[in-house]
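Summary of structural features
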Amino acid sequence: MSDSRIFKAKCLCGEVSFKAEAPLKEVGLCHCSMCRRWNSGPFHAVGIPLDALTVEGGEENISYYRSSEYSKRAFCNNCGSSLYYHGDNIPEISNKVYFSAGLLEEPTGLKLAGHIFCASKGDYYEIEGDLPQHETVE
Ligand SMILES: [Zn+2]
Ligand SMILES: [Zn+2]
């Protein structure tokens, strides 16, 4: 974990703040209809191990919406910012959250790595560029 860095993040109103210490590098863009409704657009997600993520402030302002039987989505109950997706009942990914990259303090040093759920993207935009595009998760 020698390439771990400290990332800071906060929601729009600033009540909820986070710190993550992890070797993060990539952001994935999810085009599924649930993420698009949740974010009003594709979801820029960075995978953070649960044990690397600390809530620094405003834990009482974090609410959860159970978007399916296998996952929930955290949001700030003051400003409504989308915070993270947690597939808490999906064993393969339950040990991490997919955090909203837009909340991170810059410079993030992260790079967009690719697109998932392209088959269910919105019909009002095209996916540009040469990054990998996956129909579903891969
Ligand atoms: Zn907020
Ligand atoms: Zn999605």
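The structure under discussion appears in the preceding block.
This write-up is about the structure you can find in this document. Everything quoted here is computed from the prediction, not taken from an experiment.

1. Considerations on the coordination of the zinc ion (ligand 1)
With distances of 2.3 to 2.4 Å, the protein atoms coordinating the zinc ion (ligand 1) are Cys-11 (SG), Cys-13 (SG), Cys-76 (SG) and Cys-79 (SG). Every donor counted, the four donor atoms about the zinc ion (ligand 1) form angles of 102 to 113° at the centre, which fits tetrahedral coordination. For the zinc ion (ligand 1), the donor residues sit on a single chain with the sequence spacing C-x1-C-x62-C-x2-C. Here Cys-11 is found in the loop between β1 (5–10) and β2 (17–22), whereas its partner Cys-76 is found in strand β7 (residues 71–76), with 65 residues between them in sequence. With respect to burial, Cys-11 and Cys-76 carry one shared label: buried.

2. Focus on the environment of Glu-15
Relative to the helices and strands, Glu-15 resides in the loop between β1 and β2. The exposure class of Glu-15 is partly exposed, given its relative accessible area of 41%. Sequence separation of Glu-15 and Cys-76 is 61 residues, and the distance between their C-alpha atoms is 8.0 Å. Those residues in contact with Glu-15 that sit more than four places away from it in its chain are Gly-57, Gly-58, Asn-61 and Asn-78. Polar contacts involving the side chain of Glu-15 include one to the side chain of Asn-61, which spans 3.4 Å.

3. What to know about the sheet that holds strand β9 (residues 96–100)
Read from one edge of the open sheet, seven strands run β6-β7-β8-β9-β4-β3-β10, paired in mixed fashion. Among the strands making up the open sheet, the edge pair consists of β6 (62–68) and β10 (111–116). Sheet twist, expressed as the average angle between the axes of neighbouring strands with direction ignored, equals 30°. Bridge count between strand β3 (residues 26–30) and β10: five bridges; the pairing is parallel. When the bridges of β10 are listed, Leu-29 appears paired with His-115.

4. Details of the pairing of strand β4 (residues 43–49)
Judged from the three bridges that link them, β3 and β4 form a sheet pairing that is antiparallel. By the bridge assignment, Leu-29 is partnered in β4 with His-44. Relative to β9, β4 runs antiparallel, the two sharing five bridges. Paired with Ala-45 across the strands is Ser-100, a residue of β9.

5. Description of the environment of Ser-94
With respect to the helices and strands, the residue Ser-94 is situated in the loop between β8 (82–86) and β9. Spatially, the C-alpha atoms of Ser-94 and Cys-30 are 18 Å apart, while their sequence positions differ by 64 residues. Setting aside residues up to four positions removed in sequence, Ser-94 forms contacts with Leu-50, His-86, Gly-87 and Asp-88. Of note is the side chain of Ser-94, whose polar atom sits 3.5 Å from the backbone oxygen of Pro-91.

6. Brief notes about the coordination of the zinc ion (ligand 2)
Distances from the zinc ion (ligand 2) to its protein donors, namely Cys-30 (SG), Cys-32 (SG) and Cys-35 (SG), fall within the range 2.1 to 2.3 Å. Within one chain, the residues serving as donors to the zinc ion (ligand 2) are arranged as C-x1-C-x2-C. Classification of Cys-32 by relative accessible area gives buried; the value is 13%. Among the residues examined, Cys-35 registers a relative accessible area of 5% and is labelled buried.

What counts and what doesn't
- Residues numbered from 1 in each chain as written.
- Chains lettered and ligands numbered in written order.
- Predicted model: local features only at pLDDT ≥ 70, side-chain atom pairs only at ≥ 80, totals over all residues.
- Heavy atoms only, no water.
- Donors = N, O, S within 2.8 Å, 3.2 Å for Na, K, Ca; no water.
- Tetrahedral: all angles 85-135°; square planar, octahedral: opposite > 155°, others 65-115°.
- Helix = DSSP H or I, 4+ residues; strand = E, 2+ residues; numbered from the N terminus.
- Buried < 20%, exposed > 50% of the residue type's maximum accessible area, 1.4 Å probe, protein only.
- Contact = heavy atoms within 4.5 Å.
- Polar contact = N/O pair within 3.5 Å; in protein donor to acceptor, adjacent residues only side chain to side chain.
- Pairing = 2+ DSSP bridges.
- Axes fitted to C-alpha atoms, helices over the stretch in contact; angles between N-to-C directions.

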